[in-house]
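Chains, contacts and geometry: an overview
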Amino acid sequence: MAESSKKRRRTNTDDLPFKNKLKPDSTILQILKDFSTSSSSSSSSSKALTLQDLSLPFSCREVSDLSLSSVQSIIESLVLRIAHSILSGNGFAFDVPSRSATNQFYVPELDRIVLKDKSSLRPFANISTVRKSAITARILQLVHQLCIKGIHVTKRDLFYTDVKLFQDQIQSDTVLDDVSCMLGCTRSSLNVVAAEKGVVVGRLIFSDNGDMIDCTKMGMGGKAIPPNIDRVGDMQSDALFILLVEKDAAYMRLAEDRFYNRFPCIIVTAKGQPDVATRLFLKKMKMELKLPVLALVDSDPYGLKILSVYGCGSKNMSYDSANLTTPDIKWLGVRPSDLDKYKIPEQCRLPMTEQDIKTGKDLLEEDFVKKNPGWVEELTLMVKTKQKAEIQALSTFGFQYLSEVYLPLKLQQKDWL
Amino acid sequence: MDSSESPTETKKTKSKTPRKNKETVLKQKSPAEFFAENKNIAGFDNPGKSLYTTVRELVENSLDSAESISELPVVEITIEEIKKSKFNSMIGLIDCERVDAELYDDYETEKAREKRLAKEARAQEIQAKNAALGKKVKETPASKGIRGRGEASFYRVICKDNGKGMPHDDILNMFGRVLSGTKYGLKQTRGKFGLGAKMALIWSKMSTGLPIEISSSMRNQSYMSFCRLDIDIHKNIPHVHVHEKRENKERWRGAEIQVVIEGNWTTYRSKILHYMRQMAVITPYAQFLFKFVSDAPEKNVTIRFSRRTDVMPPVPLETKHHPSSVDLLLIKRLIAETSKQNLLQFLQHEFVNISKSHAERLIGEMGPDFSPKMALKSLTPQQLVRIHQLFRQAKFDDPNGHCLSPAGEYNLRLGIIKELHPDMVATYSGSAQVFEGHPFIVEAGVSIGGKNVKQGLNIFRFANRIPLLFEQGADVVTRTALKRINWSSYKINQLQDKIGIFVSIVSTKIPFKGTGKEYIGDDITEIASAVKYSIKQCCVQLKSKIVKKMQAREQQERKRNLSKYIPDATGAVYNVLKDMAETQLHASKKFRYGDDDGELLRKVYENLITKETLSEKLAKHVEQVDYEMALEYATQSGVSEEPRETIYIKPLETENKIIDLHSPFFVFRMFH
């Protein structure tokens, strides 16, 4: 069995550790096929739950995709109310939902974070809220214009329309999230998008604004994920799974080695913390193609955090978690237990800093970690050994170790959590 | 050494004894010799620091002396610069002209001279060019003569106080014998090693060879003692030149010490002045007069640090040892010195916090070999070890801080206000705490603003009421202030505000680190947490003041800050309304809005409602809210929160012509 793989591979990679444990690709492919069909059948059998199906002890705030005209009319009625209020001499105030940590709640049945319905008043005639309410009014006006004209702008564009008032982009971005939460629509419905960040490569064909894109023919860099998901449609694929990669470097390695041709898959990365577009895209792929999602992240608390953002949503955008989260992501690697299992040398592991350990311990308290006993075990091991490692630590055995040995072996052993 | 020796052999012999033909002689060193050779231990690293240390030793001696008789200290320090020629005439040396110029280090060879002249010519050329171009000419500093090694500067340091004075016969040993002193008991003292003036004398002997001069007079003495002496370093005994009683016409009491040493005023000027200033902060009940006198009048300095209070901290008491702080050697010494005969009495009377019943229990715990009545002299070395072990393991009550004499919160506060004139100050005095059986008290003050204060953290450290100026970086106070205090949570800006941090630690044993005893280590958790707590307490006090100030400022600026955003808000609202009004016109058939809204949009379209209308209405609302809040603030906080300035009215110089208007309740006095 080792001979067949030897024939295919260049000889200089034979001495890689654990190489001899690899079965022929055909065997691994069969394993993957079984896995793919079983997961797609399981996901199709159970209908996705919604908030309405559960009887939670409190009410939650969720937003939905709205058409441009309805966003426009919501803004208009809000502005009319404000104008009346000003003219009657009462000033004005916005009722903005609170997005603070205390207003968040993890729902285990849905496996995502949702926003509770607490909100705070943002009056103009108060020294602590005057700035924010002025910015809110301005953002509302800008979005209203976008609605009339029916165009998309980026968050950066929005910021530059009134730099003097916004001062820095964080402020306009925060208020933008407040506004979409307040109006009850997704951020994409406001026609404001973030700059392209995520990329995708592999066995995927989809249409972007009417053009058909074949992601196997996008060169090494792959196709940038379109910032507004409504442009994307007609997804087709013969992949067996989706591989989610935390970092650009590992993504490049896999893309260059054409990993997706050896094992049919779609490779996605958001280069660190995922943006809205990548999360929406992943969700769409998962829903339409019914493929299992495997994640390759660093073996440190932040890797797991990124994984959790894909899976359960971020606290900042929890009002839209229904659209943004992709359920049932499997943690393929690099896991703390892999460090010993694959004999990663000491010099490639890094000691965790105080901050790392604290983040790790905090994560252990989070509900979305607790619900998965395997994750708890891995994270406990990480905090105990106080060691972390990046995906690149695997390069100690050669740059192609990741694509040649580590991933195939992991897939063969179905070693995911 | 023989040059024909092989290199390997040379190495070997060199490392062992450089001179093999000479027998090694067992030598003994007197304490004076030891300190002469290791003068850096006592703070005499270089001439500059020696001048600084001499000043501080003399000042601290004077303070101790005055405090010991509960007299408010008056200390006068004078530093006189002595030119080389004057110094030579003082020691009776005739000035010698240089004959063989090449012999000296600062001799300029022909080549070097050419180089210098060329450089000067070039500089002149550039200057001439600049002058021609009308540029502002920078005065080139006069080419400094190269300063040779022989150019030492000498200073006479005179310190005069109103203290206790010294008994006529003791003066010789007090100055002429190292490691003999009055401050060796277990109590809070200013001195570090008990060297004080003696080290200054050794330094003067090493650098100038001139003797020290002491004048002293005690209370009820009809005469004044005068003494001129130096020290025999090898024998560690005083070498007396003059020791006589003189007439004391003015019935003066105190001591005056004069010593001539090599020093460096230029480099240590700021350190010495800082020292004096910080000393004035921590001892506001003392009066200091500091003078620097030299031939050049522009260099002269005279600073008076005046007295601001006459409340003096009590004299620190001598205390007994705490059982958990003693070591084996100390136990042996205590046994040798005690007048007590048996073990029970020894334990009961030579230590703090051991009562009679407690002592009996302890003896019972020591084992069957021990009994309360056993004679001290009969204790074997093994038994002493057992006692020591038990002292280490057993639990004793903490020593109380009665034997300590902290500066006092009041004095610290006064000192800070007096010397820094800060905008705000808060002080805190902790209760006595213990580390390794030694009691200590931490007092802290934090000030904001003030004159001569830099932006950021200014740290003032005091140990047993003397300022610490060197090796600030590793000190427990510095570390705490920099790393463990979250200044922003007290509304203090660590980088922008002028923050003064004053921490005074007093103890029977200050755990100094480093050879120079210039800082307190950060490794003693008890002290570190006490320092942190004290600083935090000050910050908490300050925070409420700062918040009140900010609120007051907010009151004044609220209306302006609110009005600033009116154009932004109304502009946004108006633009949406305008867009709506226009689209409504185009699609007039479709009536999307209710009556009120339709009316509003019509008015907008007909320019009956403009941006200005909205702004006016909003401004009116802001004014209304501002008025309400101001009213609320006033009722909550009273009319004026600002502490009133104290005003001192001078009595009129002229003769007072007054008319008193009497009423049953008051007298109204009118001055003409």
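Residues numbered from 1 in each chain as written. Chains lettered and ligands numbered in written order. Predicted model: local features only at pLDDT ≥ 70, side-chain atom pairs only at ≥ 80, totals over all residues. Heavy atoms only, no water.

Before going further, it helps to spend a moment on the interface of chain A and chain B. How big an interface is tends to be expressed through the accessible area that disappears when the partners come together. Across the boundary between the two partners, chain A contributes 27 residues, which contact 29 residues of chain B. Contact with chain B buries surface across chain A, with Leu80, Leu87 and Ile127 of chain A losing the most and accounting together for 24% of the total. The interface formed by chain A and chain B contains zero salt bridges. Our count for the chain A to chain B interface comes out at five residue pairs in polar contact (both at pLDDT 80 or more). Broken down by element, the side of chain A that touches chain B gets its largest block of residues, nine residues, from helix α4 (residues 130–149) of chain A. Here the residues of the side of chain A that touches chain B are counted per class, giving 15 nonpolar, eight polar and four charged. (Contact = heavy atoms within 4.5 Å. Buried area = accessible area lost by both parts, 1.4 Å probe. Salt bridge = Lys/Arg side-chain N within 4 Å of Asp/Glu carboxyl O. Polar contact = N/O pair within 3.5 Å; in protein donor to acceptor, adjacent residues only side chain to side chain. Helix = DSSP H or I, 4+ residues; strand = E, 2+ residues; numbered from the N terminus. Nonpolar A, V, L, I, M, F, W, Y, C, P; charged D, E, K, R; others polar.)

All names here are of chain B. Here helix α14 (residues 476–484) crosses helix α15 (residues 525–564) at 55°, and the two axes come no closer than 10 Å. Judged by the inter-axis angle, α14 sits oblique to α15. Read as a crossing pair, α14 and α15 show a hand that is right-handed. The residues of α15 that touch α14, namely those facing Val476, Val477, Thr480 and Arg484, are Ile527, Ala528, Val531, Lys532 and Ile535. Residue composition of the contact of α14 with α15, by class: six nonpolar, one polar and two charged. (Axes fitted to C-alpha atoms, helices over the stretch in contact; angles between N-to-C directions. Parallel < 35°, antiparallel > 145°, perpendicular 65-115°, else oblique. Left-handed = near helix turned anticlockwise from the far one by under 90°.)

For the rest of this paragraph, the subject is the nonpolar core. Core analysis: the largest hydrophobic core is formed by 65 residues, its most contacted members being Val59, Ile79, Phe175, Ile214, Trp265, Phe288 and Phe290 of chain B. Among the elements that line this core, the one with the most residues is helix α8 (residues 265–282) of chain B, at 10 residues. When residues are assigned to domains, this core turns out to be shared by domain 1 (36–89 + 150–305) and domain 3 (409–538) of chain B, each giving three or more. Setting aside anything within four residues of it in sequence, one finds Phe175 of chain B in contact with Met166, Ala197, Lys198, Leu201, Ile212, Ile214, Leu229 and Ile257 of chain B. Of all hydrophobic cores here, the second largest spans 54 residues; its members include Ala137, Cys147, Phe159 and Leu183 of chain A. (Core = buried A, V, L, I, M, F, W, Y, C linked by side-chain atoms within 4.5 Å. Buried < 20%, exposed > 50% of the residue type's maximum accessible area, 1.4 Å probe, protein only. Domains from an automatic or database assignment.)

Residues and elements named next belong to chain B. Among all positions of helix α11 (residues 356–366), only His358, Ala359, Leu362, Ile363 and Met366 are buried. Seen along its axis, α11 keeps its buried residues to an arc of 135°; they face one direction. Within α11, the exposed residues directed more than 90 degrees away from the buried face are Arg361, Gly364 and Glu365. Elements that come into contact with the buried residues of α11 comprise α10 (343–350) and α12 (381–393). Backbone geometry just downstream of α11 places Gly367 in the positive-phi region, at approximately 130°. (Arc of directions from axis to C-beta.)

Residue and element names in this part refer to chain B. If you walk across this open sheet you meet the eight strands as β5-β4-β3-β6-β2-β1-β7-β8, and the pairing is mixed. Strands at the two margins of the open sheet, each flanked by one partner only, are β5 (237–247) and β8 (301–305). For this sheet, the mean inter-axis angle between neighbouring strands, taken without regard to orientation, is 15°. Bridging between strand β2 (residues 153–161) and strand β6 (residues 254–263) involves nine bridges; their strand directions are antiparallel. Among the inter-strand pairings, Lys160 is bridged to a residue of β6, identified as Glu256. Along the sheet face, α8 touches β1 (74–82), β2, β6, β7 (287–293) and β8 and points at about 170° away from the line of β7. (Pairing = 2+ DSSP bridges.)

Mapped onto this structure's residue numbering, the UniProt feature "domain: Type II DNA topoisomerase VI subunit A all-beta" (unreviewed entry) falls at residues 196–232 of chain A. Strand forms 41% of residues 196–232 of chain A and helix 0%; the C-alpha atoms that close the span are 14 Å apart. (UniProt positions renumbered as here; feature names shortened; annotations may be inferred.)

In this section: the pairing of strand β15 (residues 293–296) of chain A. Residues and elements named next belong to chain A. Every second residue of β15 is oriented toward a common face, with Val293 and Ala295 on one face and Leu294 and Leu296 on the other, all of them buried. As defined by bridge partners, strand β13 (residues 241–245) adjoins β15 across four bridges and the pair is classed as parallel. For Leu243, the partnering residue across the bridge sits in β15 and is Leu294.

Before going further, it helps to examine the sheet that holds strand β4 (residues 112–116) of chain A. Hydrogen bonds along the backbone pair up the strands of a sheet, which may run parallel or antiparallel. All names here are of chain A. Spatially, the three strands line up as an open sheet ordered β1-β4-β3, and their pairing is antiparallel. Pairing within the sheet leaves two strands with one partner each, and these edge strands are β1 (60–61) and β3 (104–107). Bridge analysis of β3 against β4 gives four bridges, and the strand direction is antiparallel. Bridge pairing in β4 places Phe105 opposite Val114.

Along the chain, Gly333 of chain A connects to Val334 of chain A via a cis peptide bond; the corresponding omega equals -10°. Within the secondary structure, Val334 of chain A is located in the loop between β16 (329–333) and α13 (336–341). Even without being glycine, Lys386 of chain A reaches a positive phi, approximately 55°. Tracing the sequence through the fold places Lys386 of chain A in the loop between α16 (373–385) and β18 (387–388). Assessed through its relative accessible area of 45%, Lys386 of chain A is described here as partly exposed. Backbone geometry at Asn464 of chain B places phi at a positive 45°, although glycine is not the residue there. Locating Asn464 of chain B in the fold gives a position in the loop between β12 (456–463) and β13 (466–468).

What follows covers the side chain of Arg203 of chain A. All names here are of chain A. Among the structural elements, Arg203 can be located in the loop between β8 (199–202) and β9 (205–208). A polar contact is formed between the side chain of Arg203 and the backbone oxygen of Tyr260, at a distance of 3.4 Å. Apart from the residues within four sequence positions on either side, Arg203 is in contact with Thr216, Gln236, Ser237, Asp238, Ala239, Tyr260, Asn261, Pro264, Cys265 and Ile266.

This next bit is on the pairing of β2 of chain B. All names here are of chain B. Counting buried positions along β2 gives eight out of nine residues, so the element sits mostly inside the fold. Here eight bridges tie β1 to β2, and the two strands are oriented antiparallel to one another. Within β2, the position partnered with Ile82 by the bridge is Phe154.

Our focus in this paragraph is the pattern of salt bridges. As a working rule, side chains carrying opposite charge can pair if their charged atoms are close by. All told, the structure shown has 50 salt bridges over all chains when counted by the stated rule. Ionic pairing is found between Arg335 of chain A and Asp415 of chain A, a salt bridge with its closest N-O pair at 2.8 Å. Taken together, the residues Arg335 of chain A in the loop between β16 and α13 and Asp415 of chain A in the segment after α17 (401–412) connect sequence positions 80 residues apart. Across the pair, Asp415 of chain A and Arg335 of chain A agree in class, each one buried. Note that Glu80 of chain B is salt-bridged to Arg156 of chain B, the shortest N-O span being 3.4 Å. On the criterion of sequence distance, the pair formed by Glu80 of chain B in strand β1 and Arg156 of chain B in strand β2 is long-range, its members being 76 residues apart. The class for Arg156 of chain B is buried, based on a relative accessible area of 19%. Taken together, the shared-partner salt bridges in this structure form one network comprising Arg335, Asp338, Lys341, Glu378, Lys410 and Asp415 of chain A.

This paragraph deals with the environment of Ser447 of chain B. All names here are of chain B. With respect to the helices and strands, the residue Ser447 is situated in strand β11 (residues 438–448). Linking Ser447 and Val425, residues 22 residues apart in sequence, is a C-alpha distance of 4.2 Å. Not counting the four nearest positions on each side in its chain, Ser447 is found in contact with Ile416, Leu420, Pro422, Met424, Val425, Lys498, Ile499, Gly500 and Phe502.

Right, let's talk about the packing of helix α9 (residues 328–337) of chain B against α12 of chain B for a bit. Residue and element names in this part refer to chain B. At a closest axis distance of 10 Å, the pairing of α9 and α12 adopts a crossing angle of 115°. Note on packing geometry: the crossing formed by α9 with α12 is right-handed. On α12, the residues that touch Leu328, Ile331, Lys332 and Ile335 of α9 are Leu384, Val385, Ile387, His388 and Phe391. Looking at the contact of α9 with α12 residue by residue, the classes come out as seven nonpolar, one polar and one charged.

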